[in-house]
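# Topology and contacts: notes
What follows is the residue order along each chain.
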Amino acid sequence: MDGTRLRQDEQNSQETRARGTMRIWRWARWAALVLTAGWAVNWIVNLIRGEQGRDLWWPLVSTFIWTALTVHGFRTYRRIRTTTLPAITNRPPA
């Protein structure tokens, strides 16, 4: 009986951790997407204004960083929703 209870407690903590991660990524992925778009627009506006050199490198680098974070957020959220949680809870994917 103790082994079953231990497995259930471990399963509950894994499920809680997975749901917490999903909750964080649910909002963070959209925030990253907005920041990606903002940096991209900033870079394009600066390019149109004719700025060159150092003034353009940071918006471009930031766009790539936020794009990578956005992609990671969407992939992580989907992986947890379709793979991790169903494996922990033995329920069909959402």
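See the structure shown above.
Residues numbered from 1 in each chain as written. Predicted model: local features only at pLDDT ≥ 70, side-chain atom pairs only at ≥ 80, totals over all residues. Heavy atoms only, no water.

Below, the discussion takes up the packing of aromatic side chains. Applying the stated rule across the entire model yields three aromatic pairs. A ring pair is formed by Trp-30 and Phe-74, whose centres lie 5.1 Å apart and whose planes are at 80°; its orientation type is edge-to-face. Of this pair, Trp-30 sits in helix α1 (residues 2–49) while Phe-74 is found in helix α2 (residues 54–89), placing the two residues 44 residues apart along the sequence. Since its relative accessible area comes to 45%, Trp-30 is described here as partly exposed. You can call Phe-74 partly exposed: its relative accessible area is 27%. Note on Trp-39 and Trp-58: the rings are 6.0 Å apart at their centroids and 85° apart in plane angle, and the pair reads as edge-to-face. Placement of the pair is Trp-39 in helix α1 and Trp-58 in helix α2, with a sequence separation of 19 residues. For Arg-29, the ring lying beneath its charged end belongs to Tyr-77, and the centroid distance is 4.0 Å. (Phe/Tyr/Trp six-rings, centres within 6.5 Å; stacked < 30°, edge-to-face > 60°. Helix = DSSP H or I, 4+ residues; strand = E, 2+ residues; numbered from the N terminus. Buried < 20%, exposed > 50% of the residue type's maximum accessible area, 1.4 Å probe, protein only. Lys NZ or Arg CZ within 6 Å of the ring centre and 35° of its normal.)

What follows is about a nonpolar patch on the surface. Taken together, the side chains of Trp-57, Trp-58, Val-61 and Ile-65 present a nonpolar region at the surface, about 400 Å² in accessible area. Take Val-61: it is sitting in helix α2. (Patch = residues over 30% accessible without salt bridge, like charges linked within 9 Å, V, L, I, M, F, W, Y side chains within 5 Å. Areas by Shrake-Rupley, 256 points an atom, 1.4 Å probe, with all protein chains shown as cover. Salt bridge = Lys/Arg side-chain N within 4 Å of Asp/Glu carboxyl O.)

The next subject is the nonpolar core. Membership of the largest hydrophobic core is limited to seven residues, which are Ala-18, Met-22, Trp-25, Tyr-77, Ile-80, Leu-85 and Ile-88. Of all the elements in the fold, those that place two or more residues in this core are α1 and α2. When neighbours within four sequence positions are excluded, Ile-88 is seen to be in contact with Gln-11, Gln-14, Glu-15 and Ala-18. (Core = buried A, V, L, I, M, F, W, Y, C linked by side-chain atoms within 4.5 Å. Contact = heavy atoms within 4.5 Å.)

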